[in-house]
Amino acid sequence: MSFVFEKFHRRRELLFTMKISSFSTSNFRYQIRRHVWPSLSSIIYPSIFLSFSSYNHKYDGYTGQILNLILYLTRPPVGFRSYSALSGPSSQFIKLPTDKYRPGVSSKEVLKIVNILTGDEGAVESKLNLLDGRLSIALVARVFQVLNRKNRPALHYFYWIRHRHPDLGCNPEICSLVIDNCGRLDDYNAMRGLLNDFRLKGLSLTRKAFEYLLVMAADEAKLKESTQKVIIILKEVGGICYFTGVHSLIEIFSVLRSLAMEKFVIENTEKRLSNYNLLFKEMCGRCEFGEARNLIDEMRNEGYPLVQNYNRLISTLLKNGEIVVAYKMFQEMKEKEKDCPPDALTYEVFICHYCNDGNLEIAFEFFADMMSRGLRPRLSTHAAFIRGYFNSNKYEEAHKYIVESDDKYSRSVNYSLLARLHLKTGNAVKAENILSELIEKGLKPNHKVYMEVRERLQKAGMEKLATDLEMKLCQLEHRP
C-alpha cells in the first residue's frame, strides 16, 4: 500500500498549490476528483477501505482529517452497501466489483475470437496476440460463454489470458467460466488442477463455475453423479475454493428450485452454519415457508444459532402479507428464550412494517416491549419512526421524537435525517431550522446533509440563511 500513498501525497501537493483564496466547494471537489482520485480509485474502494455509516459518512469520527474529506468528496459512483434490516455478518469473502462499469461488447469481436480459437491450432496464439489490446472482462467472459455453449475447449485460451493479462486471469468470473468449461467437457482432472492453482492464489468461485449442471437437470442420476465428483474435488482442494464452491453449488440448485439437490450438497459436505444460512435465504426468496420452518428445526437439532434466520423468515412473511404467521414466529422466539430470544433486529422488522403501513400505534407497542426487555433500538429503528411520522404528514410529532432521543449520536443522526426529509419536499428553510437547532445543542450535523441544505439555500437566493448556517457550524467547530 505504500506506493499508493506516495502517489497520493504527490497528488496532494499538486492539489494544494491551488490558490486557496479562490476556494469553492464545487471547485475543490472537481480538483480532488481530477488529481487525487485517479491514484486511489483503481486500488482502494471506499466500500472496502472505509466503513461509512448509513447517515454519517465518517471515518472513525474524524471529520477534520484531509483523508476523510478527500474520500468523502471524491467517492466514485458506486453504491455503498447499507446495513438493512436483514443484513447478517459481513461476508468472509470480498467480491470484487467486476460486474459494474462494463463497456459494451460487440458480437463481431466475440465471434472473431471464437473463430480464431476454433480454427487452425498452429496460428491461434499469434492471431490472439494481434487482438491483445482490445481485451476486457466483459469480452473475455462472453467468449468463454460462447465456447461453453458450443462445448468447445477453452483451456488454451485461459492459459494465454493468464500469461498475457494476469489481472484477467485472476478474475473470479473468468476463473469460474473456465471451470464450467471443464465440467461441460467432463474433464475433471483439468478442473482439479485449475482449482488447486486457484486455491494457492486465493481465488474464489461464483455459481457460473457450475452452470453446466443445469443442463443435466432432467437426468437426476447423472446430476447427482456429476455433483458428487465436484464435491470430491472441492474437498481435496480445500481453502477458499472449497467454501465458495459449495456456496456456488447451493446457489445453482436454487436456480433449479431443487431442494433435494441443495440438501444433497449440504449432507455431502460439512454441515456448516454458512451453508444452512444460504439455503435458508434461498428458501425465503422462493417463499417456501414450510420448508424454511422445517430447516429451522433441523438447525436447532444441530445446535446452531437461529435468531438471524427467524428474523429473515419473519421479514419475508410480513412482506408477503402473512402477518399472523409472522407474529406466531415472534411468539415462538419469546417462548424459547434460551434458544433464540428476539433481538433488537426482530423488533425492528415489525416496527418498520407497521411504520411503512402508517400504523405507528402498533409500532410503538413493539417499541415499548423491546425497551422493557432492555434492548437498545438501532439507528434504523429511529429512522423508521421518523419516516413513518413524516410520511403521515405528522411533522411536529417527528420533531418531538428526535428531541426526545436519548443519546447525542442518535440525536445527531435523527436531526440530519429529518432535515433531509424536509429538503426532499422542497422545504429548505425548515431543513435549515432543524440543522440550526441541532448545532445550538452543540452537535454536528451529517456533513452531506449540511452541504445539501446550504447549497439549496444558495440556489434559492437565500444567501443570508446559508451564511448564518455556515457561521453557526464554524463557531461550533471552534468552540473550546
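Criteria and cut-off values
- Residues numbered from 1 in each chain as written.
- Predicted model: local features only at pLDDT ≥ 70, side-chain atom pairs only at ≥ 80, totals over all residues.
- Heavy atoms only, no water.
- Helix = DSSP H or I, 4+ residues; strand = E, 2+ residues; numbered from the N terminus.
- Buried < 20%, exposed > 50% of the residue type's maximum accessible area, 1.4 Å probe, protein only.
- Polar contact = N/O pair within 3.5 Å; in protein donor to acceptor, adjacent residues only side chain to side chain.
- Contact = heavy atoms within 4.5 Å.
- Expected span 1.5 Å × (residues − 1).
- Axes fitted to C-alpha atoms, helices over the stretch in contact; angles between N-to-C directions.
- Parallel < 35°, antiparallel > 145°, perpendicular 65-115°, else oblique.

Visitor: Explain the side chain of E432 to me, please; I cannot follow it from the model alone.
Guide: Looking at the secondary structure, you find E432 in helix α25 (residues 428-440). The class for E432 is buried, based on a relative accessible area of 3%. In this structure the side chain of E432 is engaged in a polar contact, spanning 2.6 Å, whose partner is the side chain of S436. The contact partners of E432, leaving out residues within four places of it in the chain, are V453, L457, L465, L469 and K472.

Visitor: I keep staring at helix α11 (residues 172-184) and nothing clicks. Help me out?
Guide: For the α-helix, the turn length of 3.6 residues means that residues three or four positions removed from each other point alike. Here α11 is 13 residues long and its end C-alpha atoms lie 18 Å apart, about the 18 Å a rise of 1.5 Å per residue gives. Counting buried positions along α11 yields twelve of 13 residues, so the element is predominantly enclosed. Along α11, the residues classified as buried are P172, E173, I174, C175, S176, L177, V178, I179, D180, N181, C182 and G183. In the core, the buried residues of α11 are packed alongside α8 (137-149), α9 (155-164), α10 (166-169) and α12 (188-201). For α11, the side-chain oxygen to backbone nitrogen distance between the N-cap and E173 is 2.9 Å, and the N-cap itself is N171. Residue D186 follows α11 closely and has a positive phi angle near 60°.

Visitor: Before we go on, may I ask you to explain the environment of D167 in this structure?
Guide: Tracing the backbone shows D167 in helix α10. Expressed as a C-alpha distance, the spacing of D167 and I137, which sit 30 residues apart in the sequence, is 9.5 Å.

Visitor: What exactly am I supposed to notice about the packing of α8 against α11 here?
Guide: Each pair of packed helices can be described by the angle between their axes along with the distance between the axes. Running from N to C, α8 and α11 point in directions that differ by 10°, and their axes come no closer than 10 Å. Judged on the interaxial angle alone, α11 and α8 are roughly parallel. From α8, I137, V140, A141, F144, Q145, L147 and N148 reach across to α11, where they touch E173, I174, L177, V178, D180, N181 and R184.

So yeah, pure geometry; function would need other evidence.
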